[in-house]
Amino acid sequence: MRLAHFIDGNSTAILADCERFALGLFDATRQLDPNDLRDHTAAILAAIVDDMKSPQTVGESADKALGLRDRAAGAAPTAASIRGSLRAILGLDVEQTIAEYRVLRASVIRRWLESTPTLGIDDVADLIRFNEAVDQAMSETVAEFGSTASRNRLLFLGVVSHELRTPLGSIMASTDALSDQRADADQCAAAVARIARAGLRMSAILDDLLDYVRGRTGGDMRIQPAPLALDELCTRVATELRGTFPAAPIAVHPRGDMRVEWDEQRITQAIANLAANAIKYGQPATPVDITLDGEQAQSVRIAVHNFGRPISKGQVGRLFDPFVRGDGDEHRGSSLGLGLYLVREVAEAHGGSVTVESSAEAGTTFVMTLPRSSAAAERTARVPH
């Protein structure tokens, strides 16, 4: 039996070998969904078989052996390249990713040899074709792995700069207030308090970076839920933002039970991002309303509303992706488009969700809906770095 047909007939056993290896590869992978670990392996194997059945020139053979086969311009990503991106997101390193190909190669050859092939000239040619195809797939995977890892590092640096900007702005505004000779003792005390709060927040953000550094690429956003009063938290956020945006009217509207059990630092981060975006994209001098609905027993709803240019339908679908900036943002400074991405990750880490509705008539409203207590939330959010 020719090798390509043998692989077709034994693909289930070969894929099972690959999955068992991946699940037991390293401690980091044991916490991953088996569906994630075997994604695209079947498609890669099918592509290898199709390649082996197709004619090729001597030059094409040499290029594939070196992983140099060119893809047509505009062609869809191959299963192998998609695998490289997902392996980087899932937190595997390049050695682990290559090891999966070694297992695939070893499983096919071992099982084929156990079938006692004749090993004639056609069989040897098939074996060469198989190895060329594996080498090409591995090259595509490694190339995309490196590209994704590089993007993730940029994302990590962007998260740092984005999240430090708001408390730093509050500190700078407060120092201006302290330098004003007309400020009385109460005003000075309030400015010092704002500086202290912003400094503590910056310290907490830097502490969080240790989690990111320790974690793998695409690792879990760890939350530490504790009892807190949501209305008091939002009032503090609004006060801090007024220090950065003194002309922006921000109002907090609580109703119902404001007692929740969430990670204070993460929720502060999310609400501050939503409110800062509302100020940034809203019409000047129009109110930004933070409405807190605690009337449900099991969940709490946080809505941040502003009037301004509506978000286009095409933008809504990818608004929470990293590096996506709002319509017209090209003239609004150095924003990297990470705020809403972080809001989504914080919401999902607490077992909740975030949505948006936008129209010229009603304005724009972002809504986070979270379980009242996230102490037992098992969902995690991936924050690549």
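Heads up: the structure comes first, above all this text.
Quick summary incoming for the structure in this document. Here the structure is a predicted model, which is why all the values come from computation and not from measurement.

Cut-offs applied
- Residues numbered from 1 in each chain as written.
- Predicted model: local features only at pLDDT ≥ 70, side-chain atom pairs only at ≥ 80, totals over all residues.
- Heavy atoms only, no water.
- Helix = DSSP H or I, 4+ residues; strand = E, 2+ residues; numbered from the N terminus.
- Buried < 20%, exposed > 50% of the residue type's maximum accessible area, 1.4 Å probe, protein only.
- Contact = heavy atoms within 4.5 Å.
- Areas by Shrake-Rupley, 256 points an atom, 1.4 Å probe, with all protein chains shown as cover.
- Core = buried A, V, L, I, M, F, W, Y, C linked by side-chain atoms within 4.5 Å.
- Phe/Tyr/Trp six-rings, centres within 6.5 Å; stacked < 30°, edge-to-face > 60°.
- Lys NZ or Arg CZ within 6 Å of the ring centre and 35° of its normal.
- Salt bridge = Lys/Arg side-chain N within 4 Å of Asp/Glu carboxyl O.
- Pairing = 2+ DSSP bridges.
- Axes fitted to C-alpha atoms, helices over the stretch in contact; angles between N-to-C directions.

## A few points about the overall build of the protein chain
And step 1. Scanning the protein chain from terminus to terminus reveals 14 helices and 7 strands.
And step 2. The buried share of the protein chain, taken over its 385 residues, is 45%.
And step 3. Partitioning the intrachain contacts of the protein chain with sequence separation of at least 6 by distance along the chain shows that 76% fall at a separation of at least 24.
And step 4. In the structure as shown, the protein chain presents an accessible area of about 19,100 Å², 56% of it carried by carbon and sulfur atoms.

## Some details on the nonpolar core
Buried together is how nonpolar side chains tend to be arranged in soluble globular proteins.
And step 1. By size, the foremost hydrophobic cluster in this structure holds 42 residues, and its most contacted members are Leu230, Trp262, Ile271, Ile290, Ile302, Phe366 and Met368.
And step 2. Residues Ile44, Ala80, Tyr101 and Phe130 belong to the second largest nonpolar core, which totals 23 residues.

## Details of the packing of aromatic side chains
For any pair of aromatic rings, geometry is given as the distance between the ring centres together with the angle between the planes.
And step 1. Scanning all chains against the criterion turns up 1 aromatic pair.
And step 2. With a centroid separation of 6.1 Å and 85° between ring planes, the pair formed by Phe320 and Phe366 is classed as edge-to-face. Of this pair, Phe320 sits in the loop between α13 (313-316) and α14 (339-349) while Phe366 is found in strand β7 (residues 363-371), placing the two residues 46 residues apart along the sequence.
And step 3. Sitting over the face of the ring of Tyr101, Arg83 holds its NZ or CZ atom 5.4 Å from the ring centroid.

## What to know about the environment of Ile250
And step 1. By the secondary structure assignment, Ile250 is in strand β2 (residues 250-256).
And step 2. Considered as a pair, Ile250 and Thr239 are 11 residues apart in the sequence and their alpha carbons are 8.6 Å apart.

## Looking at the pattern of salt bridges
And step 1. For the structure on display, the rule yields 17 salt bridges.
And step 2. Asp135 is paired through a salt bridge with Arg105; the nearest N and O atoms lie 3.0 Å apart. Here Arg105 lies in helix α8 (residues 94-114) and Asp135 lies in helix α9 (residues 121-179), a separation of 30 residues in the sequence.
And step 3. Here Asp135 falls in the partly exposed class, since its relative accessible area comes to 22%.
And step 4. Among the residues examined, Arg105 registers a relative accessible area of 19% and is labelled buried.
And step 5. Measuring nitrogen to oxygen at the nearest pair gives 3.4 Å for the salt bridge that ties Glu144 to Arg151.
And step 6. A residue is classified by how much of its surface remains accessible, and Glu144, at 24% relative accessible area, is partly exposed.
And step 7. Each of Asp17, Arg20, Arg110, Arg111 and Glu114 takes part in salt bridges that share partners, so that together they form one network.

## Brief notes about the sheet that holds β2
And step 1. A sheet is described by the order of its strands in space; here 5 strands give the open sequence β2-β4-β5-β7-β6, paired in mixed fashion. Two strands in the sheet have a free side with no partner beyond their single neighbour: β2 and β6 (353-359). Recorded for the sheet is a direction-independent mean angle of 15° between the axes of neighbouring strands.
And step 2. Across 7 bridges, β2 lies against strand β4 (residues 288-294) in parallel orientation. In the strand pairing of β4, Arg255 is matched with Asp293.
And step 3. The sheet contacts of helix α12 (residues 264-281) involve β2, β4, β5 (299-306) and β7, and relative to β5 the element is tilted by about 25°.

## Examining the pairing of β4
And step 1. Within β4, 5 of the 7 residues are buried, which leaves it mostly tucked inside the rest of the structure.
And step 2. As judged from the 5 bridges shared by β4 and β5, these two strands associate in the antiparallel manner. Note on β5: the bridge partner recorded for Asp289 is His305.
And step 3. The antiparallel pairing of β4 with β5 creates a hairpin that spans 4 residues between the two strands.

## Some words on the environment of Val260
And step 1. Inspection of the secondary structure assignment puts Val260 in strand β3 (residues 259-262).
And step 2. For the pair formed by Val260 and Leu230, sequence separation is 30 residues and the distance between their alpha carbons is 6.7 Å.
And step 3. Apart from the residues within four sequence positions on either side, Val260 is in contact with Ala226, Pro227, Leu228, Leu230, Val300 and Arg372.

So yeah, pure geometry; function would need other evidence.
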